[in-house]
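Take a look at the letters that make up each chain.
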Amino acid sequence: MNLYEQAKKVIPGGVNSPVRAFKSVEMDPIFITRGDGPYVYDTEGKKYIDFVNSWGPLILGHNPKETRKNIHNYIEEGITFGLPTKIEVEMAQLFTESTNTDMVRMVNSGTEATMSAIRLARAYTSKNKIIKFEGCYHGHSDALLVKSGSGTLTFNSPTSLGVPLDVIKDTIVCEYNSIDSVKLAIDKFDDISCVIIEPIAGNMGVVVPDKSFIKELRELTAKNNIILIFDEVITGFRTSFGSIAKDFDIEADLYCFGKIIGGGLPVGAFAGKREIMELLSPVGNVYQAGTLSGNPLAMKMGRDVILKLKESPEIYEDIEKLAVRLEKGFLKNIEITKTDAKISRYKSMMSLFFGKFDQIKSYEDVKNADTHMYANYFKGMLEEGFIFAPAQFEAIFLSHAHNEDIIDKAIEANLRVLKNL
């Protein structure tokens, strides 16, 4: 019995997170044993060049020497205590300084961060409804597992069984990149506490908003006493050092972080203005707690990565140059092979969509992508020794462990696979 068959007997679907099941690419998953730099190795000993990078956290690559040399000492000092530690204070100081926020609360996942930030926004505004955007993913808490129905602003439907309709009645789903849809919602409902958004969408594939949309969203929320929450679980410390908000020359009220700030360990955080954050228990009456929140191992690993990125700002420039090189090479191959495909990129995040598109600006644009074509492409690249996201609607993540030679090999493999398709 192979490993996947064994896994399915004791783990639902054989995996601990659905996308790992490789259903979207019409095959059984591969199981990884170790990673090193830009490479991962499976249980059969095959080596792959990795463009998943654990879905974003590994901006320095797998097992980087910058963090590897310290982790053994950290483990000897202790993994968790359930009591305050010095590293939590040091990490909070470094984090708030790096993100231009006043206060931060550490948690264990992006889902915890977004759920807690929304609760905080509701308490601060004394309002109940929230706005999210179709195609944006903010974790698996009940109120956020919502898609728009035929009536868009009136009839929502859950994207998961087990989510009561009564829970999602206060969630309004708007169209990403459409400020008119937000204005319509605000005109229709007077009880909106917050708007939560991925400033660069990464969970319907990479979709880049118009800067004017983000700026108008900031103006509109401020005018109507609505908290603006940036979900930067993906973009935080990835597209640039700290928050992406400076790319838009605005400030959100609350921010959610994860992935990179844990140095590869489970982590989440939500941060923002002091007057809002001090509503949290034990200062205020908004309850949030976690046994392993701010655990010293994740804080030390996260601190090491943040300090490395702070001390070496050229890392961001290097990775973006590689992303541009990869994009140009893929686009040239698309033209040569006359493949129906389009690339959407923001700095070191990129998606290759198969199908015919006039533009890629919203979920409406990407939902007609040819997922079967992507599945064939994925399998072709896997045979070439490259592993990309096992789903069309995910991002390609580059790391500082990649180099021009690897990028050029990926471009050459991409051409061969497109020709075969």
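In what follows, the structure referred to is the one given above.
Residues numbered from 1 in each chain as written. Predicted model: local features only at pLDDT ≥ 70, side-chain atom pairs only at ≥ 80, totals over all residues. Heavy atoms only, no water.

**Student:** What should I look at first to understand the pattern of salt bridges in this one?
**Tutor:** Oppositely charged side chains are able to pair whenever their charged atoms sit close together. Tallied over the entire structure, the rule returns 22 salt bridges. In this structure, D249 and K215 form a salt bridge, with 4.0 Å as the shortest nitrogen-oxygen distance. Of this pair, D249 sits in the loop between helix 8 (245-248) and strand 11 (254-258) while K215 is found in helix 7 (residues 211-223), placing the two residues 34 residues apart along the sequence. Relative accessible area serves as the criterion here: at 36%, K215 is assigned to the partly exposed category. One salt bridge connects R303 with D304, and the closest N-O pair in it is separated by 3.6 Å. Given the relative accessible area of 12%, D304 is considered buried. (Salt bridge = Lys/Arg side-chain N within 4 Å of Asp/Glu carboxyl O. Helix = DSSP H or I, 4+ residues; strand = E, 2+ residues; numbered from the N terminus. Buried < 20%, exposed > 50% of the residue type's maximum accessible area, 1.4 Å probe, protein only.)

**Student:** What's the story with the sheet that holds strand 13 (residues 341-346) in this structure? I'm lost.
**Tutor:** For sheets, the rule is that strands pair by backbone hydrogen bonds, running either parallel or antiparallel. Taken together, 3 strands build an open sheet; the order of strands is 13-14-16 and the sheet is antiparallel. The open sheet has two free edges, formed respectively by strand 13 and strand 16 (396-397), since each of these has just one partner strand. Pairing between strand 13 and strand 14 (residues 349-354): 6 bridges, direction antiparallel. Note that in strand 14 the partner of R345 across the bridge is M350. (Pairing = 2+ DSSP bridges.)

**Student:** Hey, could you run me through the packing of aromatic side chains in this one?
**Tutor:** To describe a pair of aromatic rings, you give the distance between the ring centres and the angle between the ring planes. For the structure on display, the rule yields 18 aromatic pairs. Geometrically, the ring pair formed by Y4 and F31 is tilted, given 6.5 Å between the ring centres and 50 degrees between the ring planes. A residue pair is termed long-range when its members are at least 10 positions apart, and Y4 in helix 1 (residues 3-10) and F31 in the loop between helix 1 and strand 1 (32-36) qualify at 27 residues. On the basis of relative accessibility, which here comes to 8%, the residue Y4 falls in the buried class. The interplanar angle of 55 degrees and the centroid separation of 6.2 Å between the aromatic rings of F237 and F257 together place this pair among those described as tilted. With a gap of 20 residues between them, F237 in the loop between strand 10 (227-231) and helix 8 and F257 in strand 11 connect regions that are remote in the sequence. Each member of the pair, F237 as well as F257, carries the same accessibility label: buried. Among the aromatic residues, ring-to-ring pairing joins F51, F354, Y374, Y377, F386 and F388 into one connected group. Above the face of the Y41 ring, R34 is positioned so that its terminal group lies 3.9 Å from the ring centre. Geometry around Y39 places K47 over its ring, the cationic atom sitting 4.3 Å from the centre. (Phe/Tyr/Trp six-rings, centres within 6.5 Å; stacked < 30°, edge-to-face > 60°. Lys NZ or Arg CZ within 6 Å of the ring centre and 35° of its normal.)

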